[in-house]
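Each chain, letter by letter, is given below.
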Amino acid sequence: MVLSQREQERYSRQILSFGEEGQERLKKAHIFIAGAGGLGSPVAIYLAVAGVGTITIVDMDTVDQTNLNRQILHFDRDIGRKKTASAQEKLEEINPDITVNAIDVKIDTANAANLVGNADGIVDAMDNYPIRYLLNDVAIKKEIPFFHGGIRGFYGQVTTIIPGKTPCLKCIIPKAPPAEVFPVVGVTPGFIGMVQATEVLKYFLGIGELLTGRLMIWDGLQARAEEIRVERNYGCEACGVLVTKTTILEMKK
């Protein structure tokens, strides 16, 4: 994955931080983003400008007027368009040197693993826990990282999950909160999404300290970030030792 002259110029300021070898790692990387909304927008934009070589983004919704206070991939002119079409158009304009796979489909148990395919990691940019848990399961089975983010109003949370080494989403949040139409202030997914994108970059580059075993809680009203230490539950129904061994045996059949 040799960088072109244009790529060397485009990324010159970040190459100062991690070198051409690091930039080539990003070019080689493939990330799967579940959701092209409030969280998916900043994550996709910042991974695109950073030069992550392949971005697969999945969503099934159309752009609505109520999305525009936070979903920065979509503009007023996009109302009524599929979010995937809108997202792909913007991301390819932002960086024509990357590959964008935009898939208009609902993620479910029948297609989740195939949609993720050979991606090197999964970004959780969803707004419902059943799909979050499903993607958590896919990450465990494929042994790839899962970058979780969640928001509500001025509050948000982020953690990075490395299957087999850290608590999974089910360990941290064993039971889904009640489904609701929750408040969202656009700056919150912007902030949380950028933290998720930073985690993705650090993982691919192999630098820094990931948010593993830690749940970062953001309080935008107090401008305060706190951490909660989280531990793996070895009896977890998703990643517990017995469940993991059984899954591996089933995959080998």
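Definitions and cut-offs
What you see as residue numbers is a count from 1 along each chain, following the sequence as written. In view of the model being predicted, local features appear only for residues whose pLDDT reaches at least 70, and side-chain atom pairs are presented and counted only at 80 or more, with totals across whole chains, interfaces and linings using the full set of residues. Heavy atoms from the whole structure form the basis of all side-chain values; hydrogens and water molecules are not counted. Throughout this description, the term salt bridge denotes a Lys or Arg side-chain nitrogen within 4 Å of a carboxyl oxygen of Asp or Glu. The secondary structure listing takes helices from DSSP runs of H or I that are at least 4 residues long and strands from runs of E that are at least 2 residues long, numbered from the N terminus. Relative accessibility thresholds used throughout: buried, under 20% of the residue-type maximum; exposed, over 50%; partly exposed, between the two (1.4 Å probe, protein chains only). Counted as a polar contact is a pair of N or O atoms within 3.5 Å, where, for protein atoms, one must be capable of donating a hydrogen and the other of accepting one, and residues adjacent in sequence contribute only when both atoms are in side chains. Paired strands are those between which DSSP finds at least two bridges.

(A) Layout of the pattern of salt bridges. The full count for this structure, using the stated rule, is 16 salt bridges. Salt-bridge contacts for Arg25 lead to Glu21; the nearest nitrogen and oxygen are separated by 3.6 Å. Placement of both Arg25 and Glu21 in helix 2 (residues 12-28) is noted, with a separation of four residues, approximately one turn of the helix. Arg25 gets classed as partly exposed once you look at its relative accessible area, which sits at 39%. In this structure Glu21 comes out as exposed when scored by relative accessible area, which is 55%. For Asp124, the salt bridge is made with Arg132, and the minimal N-O distance between the two is 2.7 Å. A residue is classified by how much of its surface remains accessible, and Asp124, at 0% relative accessible area, is buried.

(B) Molecular detail of the side chain of Gln196. Residue position: Gln196 is located in helix 8 (residues 187-205). Overall, the relative accessible area of 0% leaves Gln196 in the buried class. In this structure the side chain of Gln196 is engaged in a polar contact, spanning 3.1 Å, whose partner is the backbone oxygen of Phe147.

(C) Summary view of the pairing of strand 8 (residues 224-229). Bridging between strand 7 (residues 214-219) and strand 8 involves six bridges; their strand directions are antiparallel. Within strand 8, the residue paired with Trp218 across the bridge is Ala225. Where strand 7 folds back on strand 8, the antiparallel hairpin that results is connected by four residues, among which Ala223 adopts a positive phi of roughly 50°.

Shape is all these values report; function is a separate question.
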